[in-house]
Every structure is written in structure tokens, then in C-alpha cells.
Amino acid sequence: MILPPHLTVRGGHLHIGEHDAVDLVERFGTPLYVTDDARIRRNFRRLSGALITHYPEVRVLYAAKANGNLAILRTLASMGAGADVFSAGELALALSAGMRPDRLLFNGSSKSPSDLALAVETGVRVSVDSIDELQHLERAAGEAGTTVDIAFRVNPAIDVPTHPKIATGLATSKFGIPADEILNAYRHALAAEHINPVGIHCHIGSQILDVEPFAREVEVLIEVTRDLIDIGVDLSFIDIGGGLGIPYRRETDRAPTPEDYAGAVMPVFLRGIHELGIEPELWVEPGRWLVADSTILLARVNSVKIAHKAFANIDAGFNLLARPVMYDSYHEVVAGNKADMPAVREYTIAGPICETGDILAEDRMLPDLVAGDIIAVLDAGAYGFAMSSQYNSRPRCAEVILSGEEAALMRRAETIDDLVALMEVPPWQA
Ligand code: LLP
């Protein structure tokens, strides 16, 4: 298997950064998410560098939903990232990580009154998803006696080659305002006393392994911008969202590089703004590309069962990594303590959850496994822990972050006490 440079095999053990995966599980237990801080920094530099080479006014807004741990947000904040935030929680975390409010965009198609009030109070920009929402926001800003900078989210009606559950720019998606209604939305915004339309926003989907849809998206945004200029909107940013995919199947996926991505979108963007005579900032909202490959999920084999096929039953399941069951996603697996042994048998890596679908990896050639062995699930940094649950009343596991020789918890494991801590006894049971 081709491993990225921060994953190596030394002395038969998988290493992440400077650290032996076997030592990490001895120290912190399993299951365990382990993130290499240096890899996130490298990913950020690579992606932002690829874009900035074409145009200096690029702002990278990390999609905080991909992995909302404060340590990761702090790392990205220290590199100058802002964030796409989709909830009050993500907004609070991004601010507490030190991200500048003017580098945050509050996104979402269903913001509550308290979300809107918080956006107004914190002074972040808001991506508005409907004219109805605009009116609620206008009221909230009016009550606070202030003005809010907004963008509308455009639905570009672009067919995107990805899993249907994560394609967001389709004409049938719940997100955004159709391009033919967008002018009307901006007219409402121009007329509103407490709203300042300063941007335009779009996000076509996630895990996209072809750059062409991004170029088409930018074309749509430039066309809309042309009309917006005609009605007197002065745009200070164009936000093209996130979505750049990664090669989860390392041997066979052909994934575009950040340079390919920039090479596809930037000429369209630059030609467009040049023709229009404007110089807006270009905002991008990568999530997966920045964090996915920085993190592995380490789990221990509880038992091996040879039935109609060989199962390795591990202590992590879709409670901790929902992607395989939710999107049939593929994640590479490595036997962490036998990483240099020959692969001799196909194993299906099954979790501990009481559902047939609780399979993290199917029919993978691995060395002979026995109880106690360590399984590493790769590329688990995006939408991994972030989508975990306590299903089957399983406490969520710890997360560790590595920096050079150092390894530290960035979240402790939950305990059974944590599970019951928030439950209340109804008075008639007391
Ligand atoms: N911007 C917006 C408005 C988004 O909704 C998203 C992701 C992103 C940016 C970042 O997209 P990325 O660069 O990470 O592809 N749970 C799914 C992915 C859901 C993506 C949701 N929105 C998965 O595990 O594949």
C-alpha cells in the first residue's frame, strides 16, 4: 500500500509522524483517534499556496464541521485560516480558537432565531439561504441596531460526481437559492435597512474527484456577479465553498491535486473578474482536504471469527466512524502491529455495534490477525470523530494530537459516567 509521508512502517509497526501506533495505544488505550498536526499544517500550506500563486486575495475558511476539535481549529487559526461555521457551536469554537470574526462565514439552510441573533452579536458574515431567512435576519439586526454583512448561497444546479448524499449543488438539493431567483434575493437585501450584501456563496458538494464541476461553478458565480453589478451590488468576496476530494483508495483513486484544482478554477475566476473590472476576495471552504489524511483511527481486535468469511471484530464501529455505513465509503486499513507482515487472508473489519451494517472495511487482504492486534483505519480526520455518536451507549473515544515528539490528548475518552451525566430522573421515578 502506498502510504503518505507522515505514515511509515518501522520495526514492523505503523508510525504516524514520530510515533509508534502501538506505543500510542499502550499509552492512551483504544479506540483512539490520532492526528498529526504537522500534516494539517502541510495540507493548509499546500492548498492555500496553490491558490495564492494565482491571486493574492485568497482566504481559506476551514469547514469546521469536518473536524471541530479546538486543537485543530487552533492549529488552523495560527496559520491564518478562518472558518465556514454551520452552527452556533461551530461559531463559538472557531472564535474561541482565535479565528477572526471577519474570517468566519455562518452558513446553513435552517438557522434558528438564536443562531441569527448570535451571528448579529458576533459580527460575522452570514450566508443566507432563503428570502424568508433574510427577513428574519433583517429583524434580528434591526433589534440589535446594527447592520449585517451577508452573502446569498446560490444553487448552481450542477451535477456533481460524488455520493448523492453529499452532492449539494444539484437543482434538487435543499441548499441555496436557484440562480434564476438570486437577483430577486439581492434586490430584497439591497432594500433591507440592516442588511449589507457583500458576497456570494456556493458549495457544490464534497469528495469531488474531478475539477471540472468546480470550474463550471465559478462560471455560474461570475455570471451571477455580472447581473449583481448591474443592480448595484458591490461584492467584496466570492466564496466557492469546499469539496476537493482525496484518494481514499490510495492505489486506484485519481484525485486532483490542489494545483490541478487551482489550475481549473483560477483562470475562470481571474478572467471573469478582469472582465467585470472587480477585485473581490476569493474565499474557499475546504474541510476534508485539510484534515482527512492527518488522522488515523486505532482500534484493537477483540476476536477473530472464521465464518462464511473471516471477520476481525474490533472495538471501533460506526459509532466512531460513520462514513462506511453512511456513504459506503472506503478507508484503507493497516494491521498496526504487523505492518510489515505478508497479507495472507481477506478480513472483514467489523465493529461492536448491534447492526449488520457495522462494517468499517470489507474483504481486505491482511496478515493473520489474532485478538489484541491493532487495526489502523486511515484518512479518518474528516467527518470521523465529528460524526461519532454514543449509539449502543458506547462512550466516545479519546483523540490525541501529535506535534513532533510530543503526543497529547485533545479530547479525553468519555466514560459511562459521562453517558448518564446529562440524563435526568423524571420526578415520578424518583
Ligand atoms: N462548505 C460548505 C457549505 C459545506 O457544507 C461543506 C461540507 C464544506 C464547505 C466542506 O466540504 P469538504 O471540503 O470537506 O468536502 N460527512 C460527509 C461530508 C459532508 C460534507 C458537508 N459539507 C462525508 O463524510 O463524506
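Residues numbered from 1 in each chain as written. Predicted model: local features only at pLDDT ≥ 70, side-chain atom pairs only at ≥ 80, totals over all residues. Heavy atoms only, no water.

**A look at the packing of helix H2 (residues 37-52) against helix H9 (residues 258-276)**
Here comes step 1: Running from N to C, H2 and H9 cross one another at 30°; their axes reach a closest spacing of 9 Å. It follows from the interaxial angle that H2 and H9 lie roughly parallel. Between H2 and H9 lies a crossing whose hand is right-handed. In contact with Arg46, Leu47, Ala50 and Leu51 of H2, H9 contributes Pro258, Glu259, Tyr261, Ala262, Val265 and Met266.
Here comes step 2: Here the contact of H2 with H9 is composed, by residue class, of 8 nonpolar, no polar and 2 charged. (Axes fitted to C-alpha atoms, helices over the stretch in contact; angles between N-to-C directions. Helix = DSSP H or I, 4+ residues; strand = E, 2+ residues; numbered from the N terminus. Parallel < 35°, antiparallel > 145°, perpendicular 65-115°, else oblique. Left-handed = near helix turned anticlockwise from the far one by under 90°. Contact = heavy atoms within 4.5 Å. Nonpolar A, V, L, I, M, F, W, Y, C, P; charged D, E, K, R; others polar.)

**Quick look at the pattern of salt bridges**
Here comes step 1: This structure, assessed with the given rule, holds 19 salt bridges.
Here comes step 2: Residue Asp37 is joined to Arg41 by a salt bridge in which the shortest nitrogen-to-oxygen separation is 2.6 Å. Taken together, the positions of Asp37 and Arg41, both in helix H2 and 4 residues apart, correspond to about one turn of that helix.
Here comes step 3: For Arg59, the salt bridge identified is with Glu57, shortest N-O distance 3.1 Å.
Here comes step 4: Note on Glu57: relative accessible area 32%, which makes it partly exposed.
Here comes step 5: The network of salt bridges with shared partners includes Glu57, Arg59 and Glu281. (Salt bridge = Lys/Arg side-chain N within 4 Å of Asp/Glu carboxyl O. Buried < 20%, exposed > 50% of the residue type's maximum accessible area, 1.4 Å probe, protein only.)

**A look at the packing of helix H8 (residues 212-230) against H9**
Here comes step 1: At a closest axis distance of 9 Å, the pairing of H8 and H9 adopts a crossing angle of 15°. With respect to their mutual orientation, H8 and H9 come out roughly parallel. The two elements H8 and H9 cross, and the hand of that crossing is right-handed. Between H8, through Phe214, Ala215, Val218, Glu219, Ile222, Thr225, Arg226 and Ile229, and H9, the contact on the second element is made entirely by Tyr261, Ala264, Val265, Val268, Phe269, Gly272, Ile273, Glu275 and Leu276.
Here comes step 2: Its residues assigned to classes, the contact of H8 with H9 comprises 12 nonpolar, 2 polar and 3 charged.

**Describing the site of the ligand**
Here comes step 1: Residues in close proximity to the ligand total 19 residues, the closest being Ser206, Glu285, Arg323, Tyr327 and Tyr383.
Here comes step 2: For the ligand, a nitrogen atom lies 2.6 Å from a polar atom in the side chain of Glu285.
Here comes step 3: With respect to the ligand, the side chain of Arg323 contributes an N or O atom lying 2.6 Å from an oxygen atom.
Here comes step 4: Bound to the protein, the ligand loses 93% of the 590 Å² it would expose on its own.
Here comes step 5: A majority-of-atoms criterion places the ligand in the largest pocket.
Here comes step 6: Residue classes in the shell around the ligand are distributed as 6 nonpolar, 7 polar and 6 charged. (Near = heavy atom within 4 Å. Polar contact = N/O pair within 3.5 Å; in protein donor to acceptor, adjacent residues only side chain to side chain. Areas by Shrake-Rupley, 256 points an atom, 1.4 Å probe, with all protein chains shown as cover. 1 Å grid on protein atoms, 1.4 Å probe; cavity = no way out; pocket = protein on both sides within 12 Å on 5 of 7 lines; lining within 4 Å. Sits in = over half its atoms within 2 Å of the grid points.)

**Topic: the sheet that holds strand E2 (residues 13-16)**
Here comes step 1: Strand order in the open sheet formed by 3 strands is E1-E2-E3, and the pairing between neighbours is antiparallel. Of all strands in the sheet, those with a lone pairing partner are strand E1 (7-10) and strand E3 (19-20), marking the two edges.
Here comes step 2: One ladder, built from 4 bridges, connects E1 with E2; its direction is antiparallel. Each residue of the ladder has a partner; that of Leu7, found in E2, is Ile16. (Pairing = 2+ DSSP bridges.)

**Digging into the confidence of the model for the protein chain**
Here comes step 1: Confidence along the protein chain averages 96 in pLDDT terms, with 100% of residues attaining 70 or more.
Here comes step 2: The weakest mean pLDDT in the protein chain belongs to strand E10 (residues 177-178) at 92; the strongest belongs to strand E4 (residues 32-36) at 99. (pLDDT = per-residue confidence, 0-100.)

**Overview of the environment of Asp37**
Here comes step 1: What makes Asp37 buried here is its relative accessible area of 8%.
Here comes step 2: When the C-alpha positions of Asp37 and Thr295 are compared, they lie 9.0 Å apart, and in sequence the two are 258 residues distant.
Here comes step 3: With residues up to four places along the chain from it excluded, the contact list for Asp37 reads Thr75, Ile401 and Leu402.

**A few points about the layout of surface pockets**
Here comes step 1: Volume-wise, the largest pocket comes out at about 580 Å³.
Here comes step 2: As for the largest pocket, its lining consists of 31 residues, and the residues nearest its centre are Lys65, Thr168, His203, Ser206 and Tyr383.
Here comes step 3: Those elements that place two or more of their residues in the lining of the largest pocket are helix H10 (288-291) and helix H11 (323-327).
Here comes step 4: The residue inventory of the lining of the largest pocket, partitioned by class, reads 14 nonpolar, 9 polar and 8 charged.
Here comes step 5: If you add up the space inside the second largest pocket, you get close to 360 Å³.
Here comes step 6: In this structure, the second largest pocket is lined by 17 residues; those nearest its centre are Arg39, Pro247, Arg250, Trp289 and Asp293.
Here comes step 7: With 3 residues, the top contributor of residues to the lining of the second largest pocket is H2. (Points joined across faces, edges and corners; volume = space filled by probe spheres on them.)

**Quick notes on the pairing of strand E15 (residues 310-314)**
Here comes step 1: Most of E15 sits out of view: 5 of its 5 residues are buried.
Here comes step 2: Burial along E15 is two-sided: the residues Ala310, Ala312 and Ile314 and Phe311 and Asn313 are all buried.
Here comes step 3: With 5 bridges connecting them, strand E14 (residues 295-306) and E15 associate as antiparallel partners. Residue Ser303 lies in a different strand from E15, and its bridge partner there is Asn313.
Here comes step 4: Adjacent in sequence and paired antiparallel, E14 and E15 are bridged by 3 residues.
Here comes step 5: Judged from the 4 bridges that link them, E15 and strand E17 (residues 345-350) form a sheet pairing that is parallel.

**Quick notes on the nonpolar core**
Here comes step 1: Ranked by internal contacts, the top residues of the largest apolar core, which has 87 residues, are Ile150, Phe152 and Tyr261.
Here comes step 2: At 9 residues, the largest contribution of residues to this core is made by H9.
Here comes step 3: If we ignore the near neighbours within four places in the chain, the residues touching Ile150 are Val126, Val128, Leu134, Leu137, Ala189, Ile195, Asn196, Pro197, Val198 and Gly199. (Core = buried A, V, L, I, M, F, W, Y, C linked by side-chain atoms within 4.5 Å.)

**A look at the packing of aromatic side chains**
Here comes step 1: Applying the stated rule across the entire model yields 7 aromatic pairs.
Here comes step 2: Each ring, one from Phe86 and one from Phe175, has its centre 6.3 Å from the other, and the planes form 75°; the classification is edge-to-face. With a gap of 89 residues between them, Phe86 in the loop between strand E6 (82-85) and helix H4 (88-96) and Phe175 in the loop between strand E9 (148-155) and E10 connect regions that are remote in the sequence.
Here comes step 3: Both rings, one in Phe214 and one in Tyr261, keep their centres 5.0 Å apart while their planes meet at 90°; by these two values the pair is edge-to-face. On the criterion of sequence distance, the pair formed by Phe214 in helix H8 and Tyr261 in helix H9 is long-range, its members being 47 residues apart. No difference in accessibility class separates Phe214 from Tyr261, as the two residues are buried. (Phe/Tyr/Trp six-rings, centres within 6.5 Å; stacked < 30°, edge-to-face > 60°.)

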